[in-house]
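Below are the chains, spelled out letter by letter.
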Amino acid sequence: MKIVLGGIHTECSTYSPLVQTADDFRIVRGRALLEYCGLDGDRFQDVSFKPLFHARAIPGGPVAPDCYTGFKTAFLEELTAALPVDGVLLIMHGAMHVPGIEDTEGDWISAVRALVGQDVPIAVSYDLHGNVTQKIIDQIDIFCAYRTAPHIDVRQTHVRAAAQLVDQLRGGARRCVGWAPVPVLHPGERTSTEDEPARSLYRQLPDIDRQTGICDANLMIGYVWADSARATAAAVVTGTDRDAIGRAASDIAQGYWTARARFDFGVPAKTLDECLDDAASASTGPFVLADSGDNPTGGGVGDRTDVLHAWLARGLTEGVFAAIADPSAVKSAWNAVEGTPLSLRIGGSFGSPCPPVSAAAIVRKKLGEGTSADREVLVEIAGNLVILTERRKPFHDLSDFARFEIDPEKARFLIVKSGYLSPQLAPIANPSRMALTEGAVHQAISELSNTRRPFPCHPFQQDFQWHPAPHLSKRAYR
């Protein structure tokens, strides 16, 4: 049994000035790709998984058309060389935006279907913040998405999709997919599965999996920061019985619709000024402040200095800022001797409109190689530590800080570019705040320019009625 796997994975804010190119993507192949997918063990002993490649980038702005075309062409060439195959497992995200292509994942998956033919089953693994279309549904046989946000079940989701595919290839019942779009678009920060009502909605999905005729039930939050005709929440169900699939999709969709007004931030979310007031009066620590509008894991650029600018203007100290992407500032700091002062100008290096910070800094530590594009420097500015990076990079793990000999648990203030806090930072926050800052993924959703999204859609429009209308894949009738 031969199954090929690979795909492409990023999410793109159409409000970002940054254009992603091939240099922004990390390519994973071979054994490393099997390990990433959780398929490197002996779970599927009679299966030969043939990894092609997986291109993954930190979320950002739109992907350059030539970048996407290059990856797609290369993937199809490698797939052609691997034929014939028994099955395909595609590791996707669902919120990739390429100017000139209305449905990027639909384009990719359709090209794979055209190449392997109608008799080869295709399974896909998705991020729950991806968008789904009828075009996608019509090409696939199995759909599995993350059930946690923050995402702690990535490998488990890939394994779920693989297990469904392998079972069918071993002679199990043929799967098909149905879905029910839901006219709701909430940001991930309001729909964390750590908080209600998302927690209860997602905890119901394994029970639905066990219903007769159902194999895998999914609730897609969708991606709100793309003004796109395909932007929508959805229930997506894989099963073996068409009627059962329709009922399950309707139930999941109705549950999300009914709860639409109850979603809220899981931590206190305030204006930046209010957050800084709280920081100034905080008596416990670490006080963790999330700069939500510039969160690079949600599509933010990562180069904004709004928080640092306001922090310094207030004369606050003992803050650890992680991190601000600024290649020019990194280059200047890199050429300075550690422990020596220099003048730095920081902010807006990738096109974000933000107040620049011009300050005297002392270089404390450098990481990386002088010839690489992955250099990082730690500088001290007015009694605060600021990590500067050449590439956009989230600092969500304790190990990210340990590389700079910083213990986040002992910091008085920790300022990160994030929405909801990561699983490693959330437990140490004492307390945490989310700053409703400006940026490509700001939380004032109703204020986003809105010309292409489906109409009506909550919360852009709120006074309308809706009832689920499930649609099956055309492959369900083969």
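The paragraphs below set out a description of the structure included in this document. (Residues numbered from 1 in each chain as written. Predicted model: local features only at pLDDT ≥ 70, side-chain atom pairs only at ≥ 80, totals over all residues. Heavy atoms only, no water.)

1. With respect to the packing of helix α9 (residues 272-281) against helix α10 (residues 306-313)
Phase 1: Orientation of α9 relative to α10, taken along the N-to-C sense of each, is 50°, at an axis distance of 11 Å. Here α10 runs oblique to α9, going by the angle between their axes. In this structure, the crossing between α9 and α10 has a hand that is right-handed. Contacts between α9 and α10 pair Leu272, Leu276 and Ala279 from the former with Asp306, Val307, Ala310 and Trp311 from the latter.
Phase 2: Per-class residue counts for the contact of α9 with α10 are 6 nonpolar, no polar and 1 charged. (Axes fitted to C-alpha atoms, helices over the stretch in contact; angles between N-to-C directions. Helix = DSSP H or I, 4+ residues; strand = E, 2+ residues; numbered from the N terminus. Parallel < 35°, antiparallel > 145°, perpendicular 65-115°, else oblique. Left-handed = near helix turned anticlockwise from the far one by under 90°. Contact = heavy atoms within 4.5 Å. Nonpolar A, V, L, I, M, F, W, Y, C, P; charged D, E, K, R; others polar.)

2. A short note on helix α5 (residues 154-169)
Phase 1: For α5, which comprises 16 residues, the first-to-last C-alpha distance of 23 Å matches the rise-based estimate of 22 Å (1.5 Å per residue) to within 8%.
Phase 2: Phi turns positive, to about 115°, at glycine 171, one or two residues after α5. (Expected span 1.5 Å × (residues − 1).)

3. Considering the packing of aromatic side chains
Phase 1: What the rule picks out here adds up to 15 aromatic pairs.
Phase 2: Considering the side-chain rings of phenylalanine 287 and phenylalanine 413, the 6.1 Å spacing of their centres and the 70° angle between planes classify their relative orientation as edge-to-face. Here the residue phenylalanine 287 occupies a position in strand β11 (residues 287-291), and phenylalanine 413 occupies one in strand β17 (residues 413-416), the gap between them amounting to 126 residues. For the pair phenylalanine 287 and phenylalanine 413, a shared accessibility class is recorded, and that class is buried.
Phase 3: An aromatic cluster is present here, built from Phe25, Phe53, Tyr68, Phe71, Phe75 and Trp108 joined pairwise through their rings. (Phe/Tyr/Trp six-rings, centres within 6.5 Å; stacked < 30°, edge-to-face > 60°. Buried < 20%, exposed > 50% of the residue type's maximum accessible area, 1.4 Å probe, protein only.)

4. Some thoughts on unusual backbone geometry
Phase 1: Cis peptide bonds are those with omega within 30 degrees of zero, and the linkage from glycine 285 to proline 286 qualifies with 0°.
Phase 2: With respect to the secondary-structure elements, proline 286 resides in the loop between α9 and β11.
Phase 3: Omega for the peptide link from phenylalanine 455 to proline 456 comes to -5°, which places this bond in the cis form.
Phase 4: With respect to the secondary-structure elements, proline 456 resides in the loop between β18 (432-435) and β19 (471-472).
Phase 5: Look at alanine 382: it is not a glycine, yet its phi comes out positive at around 50°.
Phase 6: Tracing the backbone through its elements, the reader meets alanine 382 in the loop between β15 (376-381) and β16 (384-389).
Phase 7: One non-glycine residue, glutamate 405, lies in positive phi territory at about 60°.
Phase 8: Here glutamate 405 lies in the loop between α12 (398-402) and β17.

5. Considerations on the side chain of arginine 375
Phase 1: Within the secondary structure, arginine 375 is located in the loop between β14 (357-367) and β15.
Phase 2: Classification of arginine 375 by relative accessible area gives buried; the value is 9%.
Phase 3: Those residues within four positions of arginine 375 in sequence are excluded, and the remaining contacts are Val330, Lys331, Trp334, Leu367, Glu369, Gly370, Leu388, Thr389 and Glu390.

6. Side note on the pairing of strand β8 (residues 214-220)
Looking along a regular strand, one sees the side chains alternate between the two faces of the sheet.
Phase 1: A large share of β8 lies buried, amounting to 7 of its 7 residues.
Phase 2: Of the strand pairs in this sheet, β8 and strand β9 (residues 233-239) are connected by 6 bridges, and their pairing is antiparallel. Across the sheet, the residue bridging to aspartate 216 is threonine 238, located in β9. (Pairing = 2+ DSSP bridges.)

7. Examining the side chain of glutamate 105
Phase 1: Position of glutamate 105 relative to the elements: it lies in helix α3 (residues 104-116).
Phase 2: For glutamate 105, the side chain forms a polar contact with the main-chain nitrogen of glycine 94, separated by 3.2 Å.
Phase 3: Glutamate 105 has contacts with Met92, His93, Gly94, Ala95, Met96, Tyr126, Ile136 and Arg230, leaving out every residue within four places of it along the chain. (Polar contact = N/O pair within 3.5 Å; in protein donor to acceptor, adjacent residues only side chain to side chain.)

8. Observations concerning the packing of helix α1 (residues 30-37) against α5
Phase 1: Between α1 and α5, the least distance of the axes is 7 Å, while the angle of their chain directions is 95°. Taken together, the axes of α1 and α5 lie roughly perpendicular to each other. Across the interface between the two elements, Glu35, Tyr36 and Cys37 from α1 touch Val154, Arg155, His158 and Val159 from α5.
Phase 2: Of the residues in the contact of α1 with α5, the class split is 4 nonpolar, 1 polar and 2 charged.

9. Comments concerning the sheet that holds β9
Phase 1: Pairing within the open sheet is antiparallel, and its 4 strands lie in the order β8-β9-β7-β19. Sheet topology places β8 and β19 at the edges, where each strand pairs with a single neighbour.
Phase 2: Of the strands in this sheet, β7 (176-182), β8, β9 and β19 are in contact with helix α8 (residues 242-258), which crosses β7 at around 25°.

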